[in-house]
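Residue-level structural notes
Listed below are the residues making up each chain.
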Amino acid sequence: MLSPTPLSLLCALLLCFPLAVIITIISPTTTVPGGDPLPDLVPPPKTHQRFFSKPLPFPLQDDDSLLRLASRVDSKLPPGSPKKVAFLFLTISPLPFAPLWELYFNQTPQNLFNVYVHADPSYTYDPPFSGVFAHRVIPSKSTLRFTPTLASAARRLLAHALLHDRSNYMFALFSANCIPIHSFNFTYETLTRSKKSFIEILENEAGSFDRWAARGQDAMLPVVKLEDFRIGSQFWSLTRKHARLVVGDEMVWAKFNQPCMVWDTCYPEENYFPTLIHMRDPRGVVPVTLTHVDWNGSFDGHPRMYLESEVTPQLISRLRKDTPRYGDDGTNGSDSQVKRRRRFPFLFARKLSPESIRPLLKIASHVILKD
């Protein structure tokens, strides 16, 4: 047998090198904003590979330019295009209920919804977001409780959703601890049939003055007077009109985007949105959140968290039947108006422990996703 010469060994090495390069290039990765590419250790389910094959386009990362550009998008939907619901997830951790949301979106036409995720860039998501959440993470910044950063993140989500798809009609905000309690079809019909936003706007709530004065006695003046200040749930569903209003606002946001001197009474994410919309378009809303939450037994500003043992078909039924609390919609109100409002049910719920995913998946098909 002939012994290999140095020249033949070099040729063989050169022939193998392009193959190694190709294998390296096509290895699947997902990039978390602010971090290095991470390998897709858990591939998305095959049933959802049809959803989003391309990453979102990110033309701008500078917030001022991003919001300014988003405020100028067309207010009208493309002719002949179905209305889409933009699902906006604001999280500082992995999404424990991602498997339930996968079932929720399963068999849903892609032209009816979009998903966007604002994730803490300082957190290593291992494995990264997959399935319906793959490539849905927008350029994000860290958020901190008792600061304007949570409201900034929500504005950032709205801006990217407005710029990404002109067909986005309703924009719904969620946390990692939110779950659906109705089918997608039921939710879609409820949201897209409405010409108004769903946002809780509460007047004269306990602690309103302390929240208003948290940045200083006169810090909100003259733009936001105490009588204009409102409180509401952090989680809302806004129409395209109000999404554009939020990203285009500078005057009211400048007041809320100040550091608080009294930090434990500062909840900009619960005050900015209801105050802005109350001041600009109070008649354009149904003053209610469609995300159920139980404040009985709350601790340190956090609502009650349902444990794994509490998640049953009876719990889902009770959450569905509970009556939302309606706030201020800028009208004097009447009995007939109240009755008409109450046709809107809760569509989502929070706050559930991460371990609740096990019983939730067991009852998903025959309870949660069945209306």
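Residues numbered from 1 in each chain as written. Predicted model: local features only at pLDDT ≥ 70, side-chain atom pairs only at ≥ 80, totals over all residues. Heavy atoms only, no water.

To keep things clear, this is the line we draw: UniProt positions are given in the numbering used here, feature names are shortened, and annotations may be inferred rather than shown by experiment.
Looking at an unreviewed UniProt entry, one finds the protein chain named Core-2/I-branching beta-1,6-N-acetylglucosaminyltransferase family protein and attributed to Hibiscus sabdariffa. Its UniProt record, at the heading Subcellular location (unreviewed entry), says of the protein chain: "Membrane".

Here's the deal with the packing of aromatic side chains
Our working rule: The criterion for an aromatic pair is that two Phe, Tyr or Trp rings (for Trp, the six-membered ring) have centres within 6.5 Å, with stacked assigned to planes under 30 degrees apart, edge-to-face to planes over 60 apart and tilted to the rest. Helix and strand definitions follow DSSP, with helices as H or I runs of at least four residues and strands as E runs of at least two, each counted in order from the N terminus. For the exposure calls, accessible area comes from a 1.4 Å probe over protein chains only, and a residue counts as buried if that area is under 20% of its type's maximum, exposed if over 50%, partly exposed in between.
Evaluated as defined, the whole model comprises 31 aromatic pairs. Plain terms: the ring middles of F87 and F105 are 5.0 Å apart, the flat faces sit at 90 degrees to each other, and that makes the pair edge-to-face. With F87 in strand β3 (residues 84-91) and F105 in helix α3 (residues 98-105), this pair connects stretches of sequence that are 18 residues apart. Judged by its relative accessible area of 1%, F87 is buried. Put simply, the rings of F87, F89, W101, Y104, F105, F113, F133, F174, F184, Y188 and F348 touch in pairs and so form one group of aromatic residues.

Regarding the pairing of strand β4 (residues 113-119)
What counts here: Here the rule is simple: two strands pair whenever DSSP picks up at least two bridges between them. We call a crossover right-handed when, viewed with the strands running away from us, the connection from the first strand over the helix to the second turns clockwise.
Counting buried positions over the 7 residues of β4 gives 7, a clear majority of the element. Burial along β4 is two-sided: F113, V115, V117 and A119 facing one way and N114, Y116 and H118 facing the other are all buried. Pairing between β3 and β4: 7 bridges, direction parallel. Along β4, the bridge assignment pairs A86 with N114. The handedness of the β3 to β4 crossover, carried by α3, is right-handed.

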